[in-house]
Amino acid sequence: MAEESGTAEKTQAELIEARMKLAYDAAVNELTREDTTLGNLRNRSSGVLTIAALITSFAAGIGFIQIDPTKGTTFPNWAAIALLVILAVIVALNVVIMWPIDFAFGPNAGAFLLDCENPADGPIDRQMVKRLIECAGENSRKINSRVKLFQVAVFLLGAEVAIILAASLST
C-alpha cells in the first residue's frame, strides 16, 4: 500500500513537472514569435518608407511635379507641401518603429534565478513561467503600439497617392 502511494506521488510530481515544462516551452515559443513579428513589422515599415519615397520621386520624374510655368501647368503648391509633410511624417513613424526597444527575446536565466524562491527546486519553476508570460505581455504591448504607427504610415502612403492624383487632375 505504501508503495502504491509513493508511486502515485511520483506520478503526480512527474505530471506537474510535465505541465510546467509544457507551459515553459509555450512561453518561450511566444517570445520567439514576438521577435519574428517585430522583425517582420520593421521590414514592412521600411518597405512603406521606400514606396513613399519612390512615389514622390516617380511623380517628379514623369513630370507630375512641374514648377516651371513656361513648360505648362505647374504642380499646386498645396500638394507639394502636403507631399513633403506626409513624407516627413512617414520617415518619423519609421524611425520610431525601427528604434530599439527594451524587449525580451527569450528566457533570461539570471533573472529567473533571482525570481525563484529556491532555484534548486527542479529545472522549471512556476515563477520562471510567470516571468516569461509577463515578458510576453510587455512585448505584446510594445509591438501593438508599433503596429498602430505602421497602420498610420500605410494610411499616409495612400494619402500621398491620393494627393498626387488630386493635384494632377486639378492642373
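Residues numbered from 1 in each chain as written. Predicted model: local features only at pLDDT ≥ 70, side-chain atom pairs only at ≥ 80, totals over all residues. Heavy atoms only, no water.

S.K.: Kindly report on the overall build of the chain, identifying the contributing residues and their values.
M.R.: A tally of helices and strands in the chain yields 4 helices and 0 strands. When the helices and strands of the chain are listed from N to C terminus, the series reads α-α-α-α. Residues counted as buried form 28% of the 171 residues belonging to the chain. Excluding contacts between residues fewer than 6 apart, the proportion of contacts in the chain whose partners are at least 24 apart in sequence is 86%. Working note: accessible area of the chain is about 10900 Å², and carbon and sulfur atoms make up 63% of it. (Helix = DSSP H or I, 4+ residues; strand = E, 2+ residues; numbered from the N terminus. Buried < 20%, exposed > 50% of the residue type's maximum accessible area, 1.4 Å probe, protein only. Contact = heavy atoms within 4.5 Å. Areas by Shrake-Rupley, 256 points an atom, 1.4 Å probe, with all protein chains shown as cover.)

S.K.: Describe in detail the environment of I51, supporting the description with residues and values.
M.R.: Mapped onto the secondary structure, I51 falls in helix α1 (residues 2–61). Sequence spacing of I51 and L157 is 106 residues, and the spatial spacing of their C-alpha atoms is 8.0 Å.

S.K.: Hey, could you go over the confidence of the model for the chain for me, with residue numbers and the actual values?
M.R.: With 73% of its residues at a pLDDT of at least 70, the chain reaches an overall mean of 79. Within the chain, the element-level pLDDT minimum falls on helix α3 (residues 109–115), averaging 59, and the maximum on helix α2 (residues 77–98), averaging 90. (pLDDT = per-residue confidence, 0-100.)

S.K.: Describe in detail α2, supporting the description with residues and values.
M.R.: Its 22 residues give α2 an end-to-end C-alpha distance of 31 Å, which sits within 8% of 32 Å, the value for a rise of 1.5 Å per residue. Within α2 the residues assigned to the buried category are A79, A82, L83, I86, L87, I90, L93, N94 and I97. Along the axis of α2, the buried positions cluster into a sector of 130 degrees, meaning they face one direction only. Across α2 from its buried face, at more than 90 degrees, point the exposed residues N77, I81 and L84. (Expected span 1.5 Å × (residues − 1). Arc of directions from axis to C-beta.)

S.K.: Talk me through the nonpolar core; I want residue IDs and the actual numbers.
M.R.: Counting residues in hydrophobic clusters, the biggest one holds 19 residues, and the most contacted among them are V48, I90 and I163. The element best represented in this core is α2, accounting for 8 residues. (Core = buried A, V, L, I, M, F, W, Y, C linked by side-chain atoms within 4.5 Å.)

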